[in-house]
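# Fold and geometry: a report
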Amino acid sequence: MAIVPHKLSNPRSERHMFSSSDDNAMMKQIQATHAPDGREFSVRPLLNLVEDIFQQAAPTGLATIVHQQVHAQLEAMDDKALQNGSHEMLEVLSYTINKISCEISCKCSGGGDAHATTLAIFHLLSSYSWDAKVVLALSAFAVNYGEFWLVAQLYLTNPLAKGIALLKQLPDIIERSAVLKPKFEALNNLIRATLDVAKCIVEFKELPSQYISPDAPEMLSATAHIPTAVYWTVRSIVACATQIIGLTGTGHEHIASTTEAWELSSLAHKVRSIHEHLMAQLTRCYHHIDEKRHLEAYQTLVRLFETIHIDNIKILRALIYAKDDQLPLFVGAKKERASLDVLRRKNVLLYISELELQYEELEMLRQIYEETRQHPTRAESQFEVVWLPVVNRSTPWNDEKQKQFESLRSMMPWYSVFHPSLLDPAVVRYIKEVWHFNKKPLLVVLDPQGKVVNPNAIHMIWIWGSTAFPFTSNREESLWKEETWRIELLADTVDPNIPAWIEGQKHICLYGGEDMDWIRKFTKTADAVARAANIQLEMLYVGKSNPRDKVRKNNSTIQAEKLSHILPDLTMIWFFWVRLESMWHSKVQHNRTVENDLIMQEIVTMLSFDGSEHGWAVISRGSGLQGHMAKAKGTDILECFEDFQSWNHIATEKGFVPALNDYLHGHHNPLHCNRLILPGTTGTIPERVVCAECNRPMEKFIMYRCCTD
């Protein structure tokens with residue numbers, strides 16, 4: 001018997017798909033049969049069993065399967081059913097399944113109307129929920145469908161199957177397989193489509209109620225369409241059963257109808273459209289659930305950090321997703337995995353960054369880290385660094401990103417998470433919202449109990465290195481109290497010669513800028529002044545922040561013309577400036593400004609020098625204490641040196657640097673324009689920054705800069 005073709009609605013219109021006038025009339029009849037008695041049971045095991053039956057029965061070119069293979073497959077299915085606890089459930093449901101199976105067999109072989117048959121099945125299922133209705137109907141059809149193909153597959157090897165096959169005239173069907181192929185393909189496609197819809201409906205039922213309630217807008221939108229989806233799934237089952245029953249007992253008189261195959265395909269198209277719509281609704285539900293879960297995980301994280309713990313493991317497990325059977329850490333030095341226990345009761349520095357890391361920063365951090373490991377007895381060895389890579393999950397993780405991640409990880413001698421996916425989205429949210437991570441790397445310090453003792457120690461690491469241990473905010477405050485503005489603070493870590501120059505009471509000149517003409521003129525003039533003043537002057541070129549080709553070319557020229565000392569490694573030039581920037585950030589973190597902190601005033605002056613297109617110079621003798629440091633912009637210092645004869649006698653009386661300071665202060669130009677270019681920050685930029693030269697508020701601009709020459 002052929003089913004009555006259903007006029008398909010426009011698949012581009014969801015509303016039309018679910019609410020045509022014919023569908024509305026039919027759905028009123030279906031809704032009238034719905035009288036659930038409140039019984040609840042998990043239909044997932046039954047659905048899994050049904051899916052197994054369809055997979056095993058599906059004809060693959062109508063090839064004969066030997067008895068042994070079938071026996072092994074049936075045993076495997078039986079084991080799976082036992083594991084899922086299906087036997088107990090089947091004892092309760094078998095009567096209903098058999099009753100529906102008989103209804104399908106009788107109605108579909110009697111030439112009845114497809115809708116009437118479907119309605120009769122719904123009457124049998126009236127006391128069940130919508131998800132149970134669709135799975136029970138599929139189960140009943142699976143019995144008929146499975147029996148049909150079981151006989152077809154075994155009739156050549158099993159005498160009992162052969163006798164039944166002859167009575168049903170199945171050998172003729174096998175012989176005419178080529179003619180029947182379009183029908184079987186259409187049947188398989190429709191069965192797959194109905195299974196997909198059934199699985200989707202069951203998935204809706206299984207959504208966790210603690211994260212999404214039945215009255216949530218996403219659920220209401222979905223559940224409104226589930227009755228219609230169940231109807232068309234059962235209607236499709238009736239169509240498939242009609243075709244299977246129509247094949248038996250027809251013999252040579254049966255002629256495969258292409259119209260029947262088209263009707264099955266049309267139904268499959270409608271069911272697939274329904275499935276696509278339900279999946280879109282399911283995706284919205286999962287998005288809602290994810291948001292709720294992430295909020296819950298985020299709030300749990302907030303509470304954890306507000307609680308006192310006996311050690312840091314609970315905090316670390318909340319930050320780095322770790323199951324009992326996982327080793328979530330990667331040991332860079334050993335290239336092996338490790339558990340979180342290696343960090344227990346240690347000071348842990350969480351190095352947080354994106355995958356786009358500056359090579360200079362990573363190299364300097366590696367050098368500082370390895371220097372501390374050369375002294376295993378020191379307290380500094382009681383801290384560990386862990387890299388937490390923050391990646392954008394809205395873009396797919398591909399082979400290129402994996403290689404980039406592994407390349408960075410291989411450069412780090414400390415610990416890393418084994419994969420960025422081990423950082424839950426709630427953790428990433430916490431890192432961004434609470435620790436204010438925004439592209440620039442952070443170094444969050446946890447004490448042995450997991451308490452945050454410094455929201456960002458990266459700046460104090462650049463300034464003082466391992467001397468800053470245990471890297472707490474209190475330690476940072478005490479280090480600043482011990483500091484004065486001197487050449488050691490400014491530069492003694494960037495060149496190995498500087499400590500010896502300081503020890504020898506030599507005059508030290510640090511200068512920078514990119515104007516090679518000014519550099520030549522300044523260095524030659526400074527050298528002549530040093531000879532005239534009978535002082536030992538060592539000059540060191542420190543370029544500009546973000547050094548690129550111009551600084552590299554200047555280095556080559558200065559070295560070739562023997563104008564002064566240079567820092568041949570551009571990383572050290574970068575480090576000189578990043579330390580200055582770090583000093584600024586560190587002071588800001590402790591609420592210091594130009595108005596209330598002398599060192600801050602000097603830092604801002606130096607940073608404004610770098611913001612200028614011209615040169616500059618700082619000159620010091622010894623440790624630079626008691627005002628023995630002078631600084632000026634390029635034009636001012638050059639003019640001062642060119643006029644040395646006018647203040648030579650003062651230099652002889654007071655000393656070179658004090659006399660230089662007197663001259664610069666006496667010839668100060670009140671007309672000036674200072675630019676302070678601050679790097680991207682991990683915290684907040686102060687709303688008010690005053691000029692270090694005139695103490696007036698500076699005007700704030702937004703600048704976008706690409707660091708290429």
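Criteria and cut-off values
- Residues numbered from 1 in each chain as written.
- Predicted model: local features only at pLDDT ≥ 70, side-chain atom pairs only at ≥ 80, totals over all residues.
- Heavy atoms only, no water.
- Core = buried A, V, L, I, M, F, W, Y, C linked by side-chain atoms within 4.5 Å.
- Buried < 20%, exposed > 50% of the residue type's maximum accessible area, 1.4 Å probe, protein only.
- Helix = DSSP H or I, 4+ residues; strand = E, 2+ residues; numbered from the N terminus.
- Contact = heavy atoms within 4.5 Å.
- Pairing = 2+ DSSP bridges.
- Axes fitted to C-alpha atoms, helices over the stretch in contact; angles between N-to-C directions.
- Polar contact = N/O pair within 3.5 Å; in protein donor to acceptor, adjacent residues only side chain to side chain.
- Expected span 1.5 Å × (residues − 1).

It is worth spelling out the nonpolar core at this point. One broad trend across soluble globular proteins is that nonpolar side chains are buried collectively. One finds Tyr 351, Leu 490, Phe 522 and Phe 576 to be the most contacted residues of the largest nonpolar core, which totals 103 residues. When residues of this core are assigned to their parent elements, the largest contribution, 12 residues, is made by helix α24 (residues 570–589). Apart from residues no more than four positions distant in its own chain, Phe 576 is found in contact with Leu 490, Ala 491, Val 494, Leu 510, Val 542, Met 606 and Trp 616. Formed by 76 residues, the second largest nonpolar core is a distinct cluster that contains Leu 119, Val 202, Trp 232 and Cys 240.

Burial analysis of strand β3 (residues 347–353) places seven of its seven residues in the buried class, the great majority of the element. Taking every second residue as pointing to the same face, both faces of β3 are buried, with Asn 347, Leu 349, Tyr 351 and Ser 353 on one and Val 348, Leu 350 and Ile 352 on the other. Relative to strand β4 (residues 383–389), β3 runs parallel, the two being bridged by seven bridges. Along β4, the bridge assignment pairs Ile 352 with Leu 388. In this structure, β3 lies alongside strand β6 (residues 442–446), joined through five bridges in antiparallel fashion. Looking across to β6, one finds that Leu 349 is bridged to Val 445.

Turning our attention to the sheet that holds β3. With mixed pairing, the seven strands of this open sheet are ordered in space as β2-β1-β5-β4-β3-β6-β7. Of all strands in the sheet, those with a lone pairing partner are β2 (336–338) and β7 (452–454), marking the two edges. Each strand of the sheet is rotated relative to its neighbour by a mean of 35°, with strand direction disregarded. By the bridge criterion, three bridges tie strand β1 (residues 329–331) to strand β5 (residues 415–417) in an arrangement that is antiparallel. Within β5, the residue paired with Leu 329 across the bridge is Val 417.

Of all 11 residues in helix α6 (residues 114–124), eight are buried; the element is thus mostly enclosed. Looking only at α6, the buried set comprises Ala 114, His 115, Thr 117, Thr 118, Leu 119, Ala 120, Ile 121 and Phe 122. With a side-chain oxygen lying 3.0 Å from the backbone nitrogen of His 115, the N-terminal cap of α6 falls on Asp 113.

Here we take up the pairing of β6. Within β6, five of the five residues are buried, leaving the element largely enclosed by the surrounding structure. Burial of the side chains of β6 extends over both faces: Leu 442, Val 444 and Leu 446 are buried on one face and Leu 443 and Val 445 on the other. One ladder, built from two bridges, connects β6 with β7; its direction is antiparallel. Looking at β7, one finds that Leu 446 is bridged to Val 452.

Taking 1.5 Å of rise per residue, the 18 residues of helix α22 (residues 516–533) would be expected to cover 26 Å, and the 25 Å separating its terminal C-alpha atoms lies within 8% of that figure. For α22, the secondary structure elements touched by its buried residues are β8 (507–512), β9 (537–541), α23 (549–560), β11 (616–621), α26 (634–642) and α28 (656–666). Among the residues of α22, the N-terminal cap falls to Asp 515, whose side-chain oxygen and the backbone nitrogen of Asp 517 are separated by 3.1 Å. The first or second residue beyond α22 is Asn 534, which carries a positive phi of 60°.

Here we come to the sheet that holds strand β12 (residues 629–633). With mixed pairing, five strands are arranged side by side in an open sheet as β10-β9-β8-β11-β12. In this open sheet, the two strands that pair with only one neighbour each are β10 (565–566) and β12. Pairing between β8 and β9: five bridges, direction parallel. Residue pairing for β9: Leu 510 is matched across the bridge by Leu 540. Sheet strands touched by α26: β11 and β12. Its angle to β12, the strand with the most contacts, is close to 115°.

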